[in-house]
Amino acid sequence: MYKVSLLLTTYNCMVNLPITLKSIQIQTYPSIEVIIVDGCSTDGTLTLIQQFAENSGLEVKWISEPDKGLYDAMNKAYRMSTGDIIAVCNDRLSEKDAVAIFVEAIESAGEDCVGAHSDLVYLEGDKQIRSWHMGQGNIRQGWMPGHPALYLKREIYEKYGQYDISYRLAADYEFMVRFLKDRENRLVYIPRVLILMFYGGTSNAGLRNYLLSFKEGYMALRKNGVKYPLMITLRRTWKVLRQF
């Protein structure tokens, strides 16, 4: 049985964190560890984390210390993890069998499958802001899987490394470009909404951050030797805008 590591990064998130933790606690999959890296919260988040660690019945590891940003915290969480399958889980799992569905999809797809991804929606309260029907595709055509709905075998991190913290907004995209650009690694697609994502985040916070995200996406393609990075970035932007 695969062990699944769910990686959470927190900082003063008393509004959304209880929702995330509840969705994890009710999962039916029997082999889950929860890794929480907190950036020195001051709003009660640490008390909530400690209560969850003591009472959830799950294997929980957590720390609270200064970091160099979101991707540094994600790297710390990965290094603390021991699972065979890794997923960043800062949102809400849509159903109690969500983790089991991801794992079953990976197992059923064969040994050459390195992970699974699903559809997701962005919610602001109970209002749906954006829907991502991910499908299958090619990074070189502007497609990408939704990182919040991506479950990967540990071997991908071991082979391709962790998140590049020199990126402020697009280190997750650069990481996906790194292991998907040559189409050597196969993902299985699950045509179901398994992640309900909290709307917001730095890449959605105003025009300035959006332009920086565009620039960093272009840089990620160039860094990894992908031809026609501007055209691909424009295609990716169009695919994102169509989801609203």
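Note that the structure is predicted; figures quoted are calculated from it, not measured.

K.L.:
Any chance you could break down the pattern of salt bridges for me, citing the residues and the numbers?
P.N.:
Inspection of the entire model under this criterion finds 12 salt bridges. Ionic pairing is found between Lys223 and Asp164, a salt bridge with its closest N-O pair at 2.7 Å. One end of the pair, Lys223, is in helix H7 (residues 206-223); the other, Asp164, is in the loop between helix H5 (154-160) and helix H6 (171-180), and 59 residues separate them in sequence. Assessed through its relative accessible area of 47%, Lys223 is described here as partly exposed. Between Lys223 and Glu174 there is a salt bridge, and its shortest N-O distance comes to 3.4 Å. Here Glu174 lies in helix H6 and Lys223 lies in helix H7, a separation of 49 residues in the sequence. Put simply, Lys3, Glu33, Glu59 and Lys61 are held in one network by salt bridges that share partners.

K.L.:
So what's going on with the nonpolar core? Which residues, and what values?
P.N.:
Within the largest apolar cluster, 76 residues are counted, with the highest numbers of intra-cluster contacts made by Leu6, Leu8, Val99, Tyr151, Tyr173 and Phe179. In this structure, Phe179 is in contact with Leu150, Leu152, Ile156, Tyr160, Asn185 and Leu187, ignoring residues within four places of it in sequence.

K.L.:
Let's hear about helix H8 (residues 229-241): which residues, and what values?
P.N.:
With 13 residues, H8 extends 18 Å between its outermost C-alpha atoms, agreeing within 8% with the 18 Å of an ideal straight helix rising 1.5 Å per residue. Residues of H8 that are buried include every one of Pro229, Ile232, Thr233, Arg236, Thr237 and Val240, and no others. Taken around the axis of H8, the buried residues stretch over an arc of 140°, which confines them to a single face.

How each quantity is defined
Residues numbered from 1 in each chain as written. Predicted model: local features only at pLDDT ≥ 70, side-chain atom pairs only at ≥ 80, totals over all residues. Heavy atoms only, no water. Salt bridge = Lys/Arg side-chain N within 4 Å of Asp/Glu carboxyl O. Helix = DSSP H or I, 4+ residues; strand = E, 2+ residues; numbered from the N terminus. Buried < 20%, exposed > 50% of the residue type's maximum accessible area, 1.4 Å probe, protein only. Core = buried A, V, L, I, M, F, W, Y, C linked by side-chain atoms within 4.5 Å. Contact = heavy atoms within 4.5 Å. Expected span 1.5 Å × (residues − 1). Arc of directions from axis to C-beta.

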